[in-house]
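Descriptive structure summary
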Amino acid sequence: MSDTVLEVKNIWKEFPGVIALKGINETFLKGEVHAIVGENGAGKSTLIKIISGVFSPNKGDIFLKGKKVRFGSPIDAKSHGIVTIFQELSVLPNLSVAENIFIGQEKTNLGFLSYGDLYKRTKEILEQLEIADISPSTITGTLSVAYQQLIEIGRAVATKADVIIMDEPTSSLTENEVKTLFKIIGKLKDNGVTVIYISHKLDEIFQIADRVTIMRDGEKVGIYNIDEVVEDRIIELMVGRKLENYYIKDSKPRNEVILQVKGFNGEKFRNVSFDLRKGEILGFSGLVGAGRTELMMSLFGFLPYDKGEIYLKGKKINIKSPLDAINYNIGLVPEDRKLQGLILIMTVRENITLPGLDRIKIAGFIKLAEEYRIAKQKVEELSIKTPSIEQKALNLSGGNQQKVVLAKWLNLRPEILILDEPTRGIDVGAKAEIYKLMNEMAKEGISIIMVSSELPEILAMSDRVAVMAEGELTAVLERDEVSEEKIMHYATPRSVLSKAS
Amino acid sequence: MKRIFQIKEIGILIILLVLMGFLGITTRSFLTSENLLTALLNISFIAIMAFGETMVIITAGIDLSVGSILGISSVVIALLLHDYHMAMVPAILSGLLMGTTMGLVNGFLITKLKLPPFIATMGMLSIGRGLAYVLTGGWPISPFPETFTNIGQGKLFGIPNPVLFMIVLAIIAHIFLKYTVLGRRIYAVGGNLNAARLSGVKVDKILILVYAIAGFLAGISGFLMTAWLGVGQANAGQGYELDVIAAAVIGGTSLMGGEGTILGTILGAAIMGILRNGLILLGVSSFWQQVAIGLVIIFAIAFDRLRGGLRK
């Protein structure tokens, strides 16, 4: 017990409409890499946000080196030696590397920064991380995302943290960058630092973790030493059911091509051409930042495009705004439902009918009876769990919020539905429901474009998989030839491939 | 009981009733119909403008130019009636057109030139006031035909006409915001601009619309005030924008956008009007009145926040 650094006891956390953590107990040992895995919505992020002081638990205690602690803020946690590197990077892009690493603990001389000392100490840390090729005076924003992430780790090292929490650190890294990161994690471990590693990529866990905790629906469902467990067991625990019942996919695309995109160019993508058949689920895979979301936003008229042609059932169309797209019977469920999909302070009813108001109006007035009927019907059809249709969207759980966004579009009977990360951040049960819904929609003849960063979902649900890398469409793979390795091969930027060879 | 407290306007209504009760007890003249009608008359010009301001603030914007729009509309109507002997109806319509146009310019500056609403309308505040002085040379304009001044000074069933205007416009504005497609979209734009756009809402159109409405209603206030005072002046409505914004905000309109009601705004305007009226009756100096108004703004919002916190 003496080498327990951090312990959480019976942690409960409730948000409006959902219990995120249901009594979590866990110990973290000195110098271990402790992985926490689970599907999106399992409660991993909530747990680390509690450990790092972002949220306070409704119930339960945190013990640091045997002493009970209570963090009021991330800064508070940091001063106790717990540093978190979140998915959203928190480096200040307009400051230098040195300033970023030592921000908040700068040594001053009569109120002035002493840059000589700052650069010297930064150099030491960069050497420790074996990235001494970066100069301390480099402006951080000019570095790649991977290096910016390493700068954040440098910041954690500079504060002499006992515990470093990394939340999905590899989600935007290339293979080589991942290797560098793992080397650094190894070094941290050797120095006695505890690394809590959040991920749902199991191959990474098996490479670097000592122990793994598995979470599902706010509960801890297992903990293993990494050499005493196999991958299938972890997946079973994560998903909570046999895999074959999880993804339901028996829809078949029809021959008729409904949408053709030719030579499409925008700010973040180049020369993209593909076609979409009626009733098809076309997966879009690629690394974060490959330009998939921007492509979809341009197709939907939300972002401008420079060049290219769109044909709907063989007829050339011009989409200048989302309203145009909607009038062509195209719908889009955006990547971030809270920032783009929903109006959180509006009710479920108002959200569901928003894109279709023009279809239920008379002389400019909303036909309220019709609106209530539609909202009730959709809530029932999609089994959206809400106390009433008058509930504000912000009080719903992630999965039910996502269903409200889907309901918005299903109400308009779209022919083409673009789903950008349709299952991000929702619980396992809701995920399965969304897959089932997608399958049903495809059977009805709706064509679906599904952008997803989760390979299992891409592999299970897609009729074909389009892969993007650095803004270009690098492959379109048929269902019978697609594999994880093939996708990763085409998703890896060429600049990296050529460097590696 | 719990359900009553969930109605958004209830907190503000309580403040108003407490205030009225206090003044009813401490002064003899407050709770007379004559005094109450005077208080209502005094708030009607602010309240009418505040309906437009409420819509602007619901879209997460702000309109600082309404006081100046009132001024220039007033001056346009006064000049056309007095110097050019134009018939009454076209003169009034010209004034309203002036106000609406100023609002449209605000809307275009904000949507097409992407200026922040604060900056665009602050510019128009200065431009509008300046033009009003240019047009009049700073001189008050009067007299007007009696048919015109009767609109401002007359009464129907004992209620001053501007108050009737306020009531009718409040009902129209309430129905517009609550029951029409455009009203719903105004809330949507303020609630989440990107989500609204992705749902097919023509965001620019909605924004231009609300600033045009704000300009139009400021024009109506300008017309009513000119008819009531019987004089057109370049400085009419100077500084009113702050009272107008305060009325909307006290009434529960969120500066973050997406929330606010006409009913709340009327109550907000009423609190300010009653407070001014009561302080005069109590013999408090006008300097202290300003302090008191400021305190009420702060306490009303703090009270609302507190209530919101309890509700969660």
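The rules behind these values
Residues numbered from 1 in each chain as written. Chains lettered and ligands numbered in written order. Predicted model: local features only at pLDDT ≥ 70, side-chain atom pairs only at ≥ 80, totals over all residues. Heavy atoms only, no water. Helix = DSSP H or I, 4+ residues; strand = E, 2+ residues; numbered from the N terminus. Contact = heavy atoms within 4.5 Å. Areas by Shrake-Rupley, 256 points an atom, 1.4 Å probe, with all protein chains shown as cover. Lys, Arg positive; Asp, Glu negative; His and termini not counted. Charge placed at Lys NZ, Arg CZ, Asp CG, Glu CD. Rg over C-alpha atoms; globule rule 2.2 N^0.38 Å. Buried < 20%, exposed > 50% of the residue type's maximum accessible area, 1.4 Å probe, protein only. Axes fitted to C-alpha atoms, helices over the stretch in contact; angles between N-to-C directions. Parallel < 35°, antiparallel > 145°, perpendicular 65-115°, else oblique. Nonpolar A, V, L, I, M, F, W, Y, C, P; charged D, E, K, R; others polar. Polar contact = N/O pair within 3.5 Å; in protein donor to acceptor, adjacent residues only side chain to side chain. Pairing = 2+ DSSP bridges. Domains from an automatic or database assignment. Buried area = accessible area lost by both parts, 1.4 Å probe. Salt bridge = Lys/Arg side-chain N within 4 Å of Asp/Glu carboxyl O. Phe/Tyr/Trp six-rings, centres within 6.5 Å; stacked < 30°, edge-to-face > 60°. Lys NZ or Arg CZ within 6 Å of the ring centre and 35° of its normal. Patch = residues over 30% accessible without salt bridge, like charges linked within 9 Å, V, L, I, M, F, W, Y side chains within 5 Å. Right-handed = clockwise from strand over helix to strand, strands pointing away.

A word on the overall build of chain B
Of the regular secondary structure elements, chain B holds 14 helices and two strands. Based on the C-alpha atoms only, the size of chain B along its principal axes is roughly 60 × 55 × 35 Å. Here the contacts in chain B between residues at least 6 apart in sequence split such that 77% fall between residues at least 24 apart. Summed over its atoms, the accessible surface of chain B is roughly 14,000 Å², and 71% of this surface lies on carbon and sulfur atoms. Counting 19 positive and 11 negative side-chain charges, chain B places the centres of these two groups 14 Å from one another.

Section: the overall build of chain A
For chain A, the helix and strand inventory stands at 18 helices and 24 strands. By the compact-globule yardstick of 23 Å for 501 residues, chain A fits well, its C-alpha radius of gyration being 24 Å. Scored against the burial criterion, the 501 residues of chain A give a buried share of 53%. A sequence separation of at least 24 residues applies to 66% of the contacts in chain A between residues at least 6 apart. Looking at chain A as shown, the accessible area adds up to about 21,800 Å², and 50% of this sits on carbon and sulfur atoms. Averaging the coordinates of the 66 positive side-chain charges in chain A and doing the same for the 69 negative ones gives two points 3 Å apart.

Some thoughts on the packing of helix 8 (residues 161-179) of chain B against helix 11 (residues 203-229) of chain B
Residues and elements named next belong to chain B. Put simply, helix 8 and helix 11 touch, their axes get as near as 11 Å, and they point 170 degrees apart. Judged on the interaxial angle alone, helix 11 and helix 8 are roughly antiparallel. Between helix 8, through Pro-162, Phe-165, Leu-169 and Phe-176, and helix 11, the contact on the second element is made entirely by Leu-209, Ile-213, Leu-217, Ile-220, Phe-223 and Leu-224. Here the residues of the contact of helix 8 with helix 11 are counted per class, giving ten nonpolar, no polar and no charged.

A few points about the side chain of Ser-251 of chain A
Residues and elements named next belong to chain A. Secondary-structure assignment places Ser-251 in the loop between helix 8 (231-239) and strand 13 (257-265). Side chain to side chain, Ser-251 and Lys-249 meet in a polar contact 2.8 Å long. If we ignore the near neighbours within four places in the chain, the residues touching Ser-251 are Ile-281, Asn-439, Ala-442, Lys-443 and Asp-463.

Considerations on the sheet that holds strand 15 (residues 281-286) of chain A
All names here are of chain A. Reading across from one edge, 18-21-22-15-23-24 is the order of the six strands in this open sheet, with mixed pairing throughout. Whereas interior strands pair on both sides, the edge strands pair on one side only; in this sheet they are strand 18 (330-333) and strand 24 (472-478). The average undirected angle you get between the axes of adjacent strands in this sheet is 20 degrees. Here six bridges tie strand 23 (residues 464-469) to strand 24, and the two strands are oriented antiparallel to one another. Paired with Met-468 across the bridge in strand 24 is Leu-473. Against the sheet, helix 15 (residues 428-443) engages strand 15, strand 21 (416-420) and strand 22 (447-451), with an angle of about 145 degrees to strand 22. Where helix 17 (residues 484-491) meets the sheet, its contacts fall on strand 15, strand 23 and strand 24, and the angle it forms with strand 23 comes to roughly 30 degrees.

With respect to the domain arrangement of chain A
Residues and elements named next belong to chain A. Looking at the assigned domains, one finds that chain A contains domain 1 (4-239) and domain 2 (251-329 + 418-424 + 451-501). A straight line from the C-alpha centre of domain 1 to that of domain 2 covers 33 Å. At the interface, eight residues of domain 1 touch nine residues of domain 2. For the domain 1 and domain 2 pair, buried surface summed over both sides reaches about 620 Å², with 56% attributable to carbon and sulfur atoms. If you look at where domain 1 meets domain 2, you find zero salt bridges. There are zero residue pairs in polar contact (both at pLDDT 80 or more) connecting domain 1 and domain 2. Each residue belonging to the side of domain 1 that touches domain 2 can be placed in one class, and the counts come to one nonpolar, six polar and one charged.

Thoughts on the pattern of salt bridges
Where charged atoms of side chains with opposite charge meet at close range, the side chains can pair. Residues and elements named next belong to chain A. According to the stated counting rule, one finds 31 salt bridges over all chains in the structure shown. Ionic pairing is found between Glu-280 and Arg-464, a salt bridge with its closest N-O pair at 2.5 Å. Here Arg-464 lies in strand 23 and Glu-280 lies in the loop between strand 14 (272-277) and strand 15, a separation of 184 residues in the sequence. The same class applies to Glu-280 and to Arg-464, which are both buried.

Notes on the interface of chain A and chain B
At the junction of the two partners, chain A supplies 34 residues and chain B supplies 22 residues. Between chain A and chain B we count four salt bridges in total. A salt bridge links Asp-358 of chain A to Arg-185 of chain B; the nearest nitrogen and oxygen atoms lie 3.2 Å apart. Linking chain A with chain B are ten residue pairs in polar contact (both at pLDDT 80 or more), by the criterion used here. Mapped onto the side of chain A that touches chain B, the elements with two or more residues apiece are helix 10 (322-327), helix 11 (337-341), helix 12 (348-353), strand 20 (365-366), helix 13 (368-381) and helix 14 (398-410) of chain A.

Here's the deal with the packing of aromatic side chains
Within this structure, the stated rule accounts for eleven aromatic pairs over all chains. Seen from their ring centres, Phe-264 of chain A and Phe-269 of chain A are 5.7 Å apart, and the 15 degrees between their planes marks the pair as stacked. Of the residues examined, Phe-269 of chain A reaches a relative accessible area of 1% and is grouped as buried. Arranged with centres 5.4 Å apart and planes meeting at 80 degrees, the rings of Phe-144 of chain B and Phe-148 of chain B form a pair that is edge-to-face. Each of the two residues, Phe-144 of chain B as well as Phe-148 of chain B, counts as buried. When the ring centre of Phe-63 of chain A is taken as origin, the NZ or CZ atom of Lys-9 of chain A, which lies over that ring, is 4.7 Å away. Directly above the ring of Phe-102 of chain A sits Arg-121 of chain A, whose terminal nitrogen or CZ lies 4.3 Å from the centroid.

What to know about a negative patch on the surface
All names here are of chain A. Together, Asp-203, Glu-231, Asp-232, Glu-484 and Glu-485 make up a negatively charged patch on the protein surface. Of all the secondary structure elements, the ones that give two or more residues to the negative patch are helix 8 and helix 17. Checked against the element boundaries, Asp-232 lands in helix 8. Exposure remark for Asp-232: the relative accessible area of 56% places this residue in the exposed category.

Comments concerning a nonpolar patch on the surface
There is a patch of nonpolar side chains on the surface, built from Ile-362 and Phe-365 of chain A together with Ile-167, Ile-171, Ile-175 and Tyr-179 of chain B and spanning about 510 Å² of accessible area. With four residues, helix 8 of chain B is the single largest residue contributor to the nonpolar patch. Checked against the element boundaries, Phe-365 of chain A lands in strand 20.

Some words on the sheet that holds strand 17 (residues 315-317) of chain A
Residue and element names in this part refer to chain A. In space, the four strands of this open sheet follow the order 14-13-16-17, with antiparallel pairing throughout. Whereas interior strands pair on both sides, the edge strands pair on one side only; in this sheet they are strand 14 and strand 17. Within this sheet the neighbouring strands show an average axis-to-axis angle of 20 degrees, counted without direction. Sheet topology places strand 13 next to strand 16 (residues 307-312); five bridges connect them, and they run antiparallel. Within strand 16, the residue paired with Asn-265 across the bridge is Lys-307.

Focus on the pairing of strand 21 of chain A
Residues and elements named next belong to chain A. The buried fraction of strand 21 amounts to five of the five residues, a majority that puts the element mostly inside the structure. Of the two faces of strand 21, the one holding Ile-416, Ile-418 and Asp-420 and the one holding Leu-417 and Leu-419 are both buried throughout. For strand 18 and strand 21, the ladder comprises four bridges, and the chain directions are parallel. Counted as the bridge partner of Leu-332 is Ile-418 from strand 21. For the crossover that starts at strand 21, traverses helix 15 and ends in the parallel strand 22, the hand is right-handed.

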